[in-house]
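Structural overview for review
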Amino acid sequence: MKRKWIRGNFATVVVIEPEPASVPVTGTGTARTGTGAEGTAVILDGYVDEPACLGVPPYISPYIRTVAGALIENGYSVRYQTIDQLRREPQTAADLNNADTLVMIAGVTVPGKYLGGTPATLTEVQQIGHLFRGKQKLVGGPIGFGSASGGGQKAIRQVIAGYDALLEGEPAIALDNYLNGGEPKGTLDYARTDPWSVGGAGIIGQHPDHPFVMCELETARGCSHGATGGCSFCTEPFYGAPKHRSIEAIAAEVAALNQQGALHFRVGRQPDILAYGAGAGEYPAPRPELLEKLFGSIRAAAPDLRTLHIDNTNPATIARHEEESREALRAIVRHHTSGDVAAFGLESADPAVIAANHLKAQPDEVFRAIEIVNEVGGMRRESVPELLPGLNFVCGLSGETEATYDQNEQFLGRVLAAGLLVRRVNIRQVMPFEGTPVYTDNTLGRYDRRFRSFKALVREKIDLPMLQRVYPAGTVLKDVQVEVSGDLSFGRQMGSYPILLGLPLRLPVRTVLDAVVVDWGSRSITALPVPVMINRLPASALKWLPGIGKKRAAAVVAKRPFRDLAAYVRVAGSSGIDPVLDFSTAD
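My aim in this report is to walk through the structure given alongside it, one point at a time. (Residues numbered from 1 in each chain as written. Predicted model: local features only at pLDDT ≥ 70, side-chain atom pairs only at ≥ 80, totals over all residues. Heavy atoms only, no water.)

Turning next to the side chain of Thr 317. Among the secondary structure elements, Thr 317 is positioned in helix H9 (residues 315–320). Looking at Thr 317, the relative accessible area reads 2%, which means it is buried. Not counting residues within four places of it along the chain, the set of residues in contact with Thr 317 comprises Asp 272, Leu 274, Pro 284, Pro 286 and Ser 325. (Helix = DSSP H or I, 4+ residues; strand = E, 2+ residues; numbered from the N terminus. Buried < 20%, exposed > 50% of the residue type's maximum accessible area, 1.4 Å probe, protein only. Contact = heavy atoms within 4.5 Å.)

Following this line, the structure appears as structure tokens:
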């Protein structure tokens, strides 16, 4: 990674210049006896998004690293490529054909909207399988559960044409079994995958976003709620009873990733971080001492890390075990980085829908969990709250009526009226998978108009005022990376559910800068690079300053250059961003 500091017309920024393409990751030692003789392999990342795992850029999933480790152990030299790279540069398909083995990982069971990449469609996956001319081609990941084009449609499970085998179950173990003459099936066994997660860590160096790669860390697989059936729509119970990785194994993986330049981590691949290492039962009490040790060990393994966040947190765990949950959350806050999000699976505020779909928590329990997370994580560090809840709604479930949406709106209104902070509200229509109860019992298509009006109301009446609370004008967000360049550039911080920033300046992709909040949309904020160069900004950017607008922006331009803040305030007035204004006139 090369950093080039630039003092430009708008701010002092750093542009990250990628190093030359990484060489293949190569195994040390002889391949084991089996069908997988030493050769070359390409891992093609079609991206994954599951209830408890994210692998869409800038995230890289654990599957990629363990598959890389398994290939290396079998004597392969391994290259990594993303589906987006293949789309942008189709001529690189020739590189795939030069490899002996292709392993594609793909599958979305939780549909979303993405900025950093677009998951592979079933059509693309099959086209790649037919085009590849190597010795063997394999596909794995949650695509084995089925696929659909988006929420509100049933996922169809079918044979994925063009491949020699589907890696069923745990992809890395199924791959290893297949390469050594067995069936392409694998049951999760951390004793086998933990060494691969270390051995395959070097693959992240080939990620096109490196070093801005968020490494999704796995701590557990399977859901304790699944013991009684699980939520009607969720695919996590497909992975069976909960299994937990050891702290030592997780720390070893983090150390290996850190040695390869990884600085950003999310402890996200588990259904409930507070249940890590907890006992049996549907809602086991958290063990704060284990979470203290886990997060402390991650910090020790990567002392220079820049991001350490979490994801799924069961609100029912918090509501049923308040004191243990408080201590567990405090342990996380002691070691994580600020701006963190605990994702709550509320799904519905309608008790009838909750009962019909065996959901985790009643509205009052979720509300209490929101209060507790605010108590523990609501304080600010580096301008932003330490840890806030995020809410997930799933629509189209069994038992839903028009009144369901009224109750959802009332619940969110209650949260807003109580002065509580919520980082974001995700609303989606269910994508039913074969094998889940909602596959045959749902209300898809029945209340589409009400779904749309609910979503619009939340964006206008809930999201906007909530963003204004969480990110008031003058909030400085550090290390924002520009991902889309244009007259209005877009960027985000690394993190769990980072807020999207619109920057009304043409900035190069991969620019990294600090930015100050000046305005809000329903799902994003408008920001300007820090320091804000008043004497240099174009009028198109000046108009976004608090209290300015188009008319006053013209007056500001006419009166420039300003010698100091006092001179500027006489023309433009004072605002919350005054501390970050700069009145330089030359580079």
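Structure's up, so let's keep going.
Judged by pairing direction, the sheet is parallel, and its 4 strands sit side by side in the order S6-S12-S15-S16 without closing on themselves. Of all the strands in the sheet, just strand S6 (59–60) and strand S16 (307–310) have a single pairing partner and so form its edges. Packed on one face of the sheet, helix H1 (residues 62–73) meets S6, strand S12 (214–218) and strand S15 (264–269) and runs near 80° to S12. (Pairing = 2+ DSSP bridges. Axes fitted to C-alpha atoms, helices over the stretch in contact; angles between N-to-C directions.)

A few words now on the sheet that holds strand S20 (residues 387–395). One open sheet accounts for 3 strands, arranged S17-S20-S21; its pairing is parallel. Both outer strands of the open sheet, strand S17 (340–347) and strand S21 (424–429), are each paired with one neighbouring strand and no more. On average, adjacent strands in this sheet sit at an angle of 25° to one another, irrespective of strand direction. Helix H12 (residues 363–377) rests against S17 and S20 of the sheet, and its axis sits at about 155° to S20.

Moving on: H12. What sets the pattern is the α-helix's 3.6 residues per turn: residues three or four places apart point alike. For H12, which comprises 15 residues, the first-to-last C-alpha distance of 21 Å matches the rise-based estimate of 21 Å (1.5 Å per residue) to within 8%. By the burial criterion, the buried members of H12 are Pro 363, Val 366, Phe 367, Ala 369, Ile 370, Ile 372, Val 373, Asn 374, Val 376 and Gly 377. (Expected span 1.5 Å × (residues − 1).)

Leu 71, Phe 265, Phe 411, Leu 545 and Tyr 568 are the most contacted members of the largest nonpolar core, which has 140 residues in total. With residues up to four places along the chain from it excluded, the contact list for Leu 545 reads Val 518, Leu 528, Val 532, Ile 534, Tyr 568 and Ile 577. Formed by 26 residues, the second largest nonpolar core is a distinct cluster that contains Leu 54, Val 56, Leu 96 and Val 125. (Core = buried A, V, L, I, M, F, W, Y, C linked by side-chain atoms within 4.5 Å.)

Attention now moves to the packing of helix H5 (residues 171–179) against helix H6 (residues 190–199). At a minimum axis distance of 10 Å, the contact between H5 and H6 shows a crossing angle of 95°. It follows that H5 is roughly perpendicular to H6 by the angle criterion. On H6, the residues that touch Ala 172, Ile 173, Asp 176 and Asn 177 of H5 are Arg 192, Thr 193 and Trp 196. Classifying every residue of the contact of H5 with H6 gives 3 nonpolar, 2 polar and 2 charged. (Parallel < 35°, antiparallel > 145°, perpendicular 65-115°, else oblique. Nonpolar A, V, L, I, M, F, W, Y, C, P; charged D, E, K, R; others polar.)

Attention now goes to the pattern of salt bridges. A side chain of one charge can pair with a side chain of the opposite charge when the charged atoms of the two come close. According to the stated counting rule, one finds 36 salt bridges in the structure shown. The shortest N-O distance in the salt bridge between Arg 368 and Glu 371 comes to 3.0 Å. Of this pair, Arg 368 and Glu 371 are both found in helix H12, 3 residues apart, which corresponds to roughly one turn of the helix. Ionic pairing is found between Arg 450 and Glu 409, a salt bridge with its closest N-O pair at 3.0 Å. One end of the pair, Arg 450, is in helix H14 (residues 448–470); the other, Glu 409, is in helix H13 (residues 402–417), and 41 residues separate them in sequence. Here Arg 450 and Glu 409 have matching classes, each one buried. Taken together, the shared-partner salt bridges connect Glu 322, Glu 323, Arg 326, Arg 368, Glu 371 and Glu 375 into one network. (Salt bridge = Lys/Arg side-chain N within 4 Å of Asp/Glu carboxyl O.)

Once that is clear, we can look at the packing of aromatic side chains. Summed over the entire model, instances satisfying the criterion amount to 6 aromatic pairs. Relative to Phe 238, the ring of Phe 145 has its centre 5.0 Å away and its plane inclined at 70°; by these criteria the two rings are edge-to-face. You can see Phe 145 sitting in the loop between strand S9 (136–140) and strand S10 (165–169) and its partner Phe 238 sitting in the loop between strand S13 (220–221) and strand S14 (243–244), a full 93 residues away along the chain. Using a relative accessible area of 30% as the deciding quantity, one classes Phe 238 as partly exposed. (Phe/Tyr/Trp six-rings, centres within 6.5 Å; stacked < 30°, edge-to-face > 60°.)

Once that is clear, we can look at the pairing of S16. Judged by which residues are buried, S16 turns out to be covered on both faces: Thr 307 and His 309 on one side and Leu 308 and Ile 310 on the other are all buried. Inspection of the sheet shows S15 paired to S16 by 4 bridges, in the parallel sense. Across the sheet, the residue bridging to Phe 265 is Leu 308, located in S16. Traced from S15 through helix H8 (residues 288–301) to S16, the parallel crossover comes out right-handed. (Right-handed = clockwise from strand over helix to strand, strands pointing away.)

Honestly, that's just the spatial picture; any functional story needs more than this.
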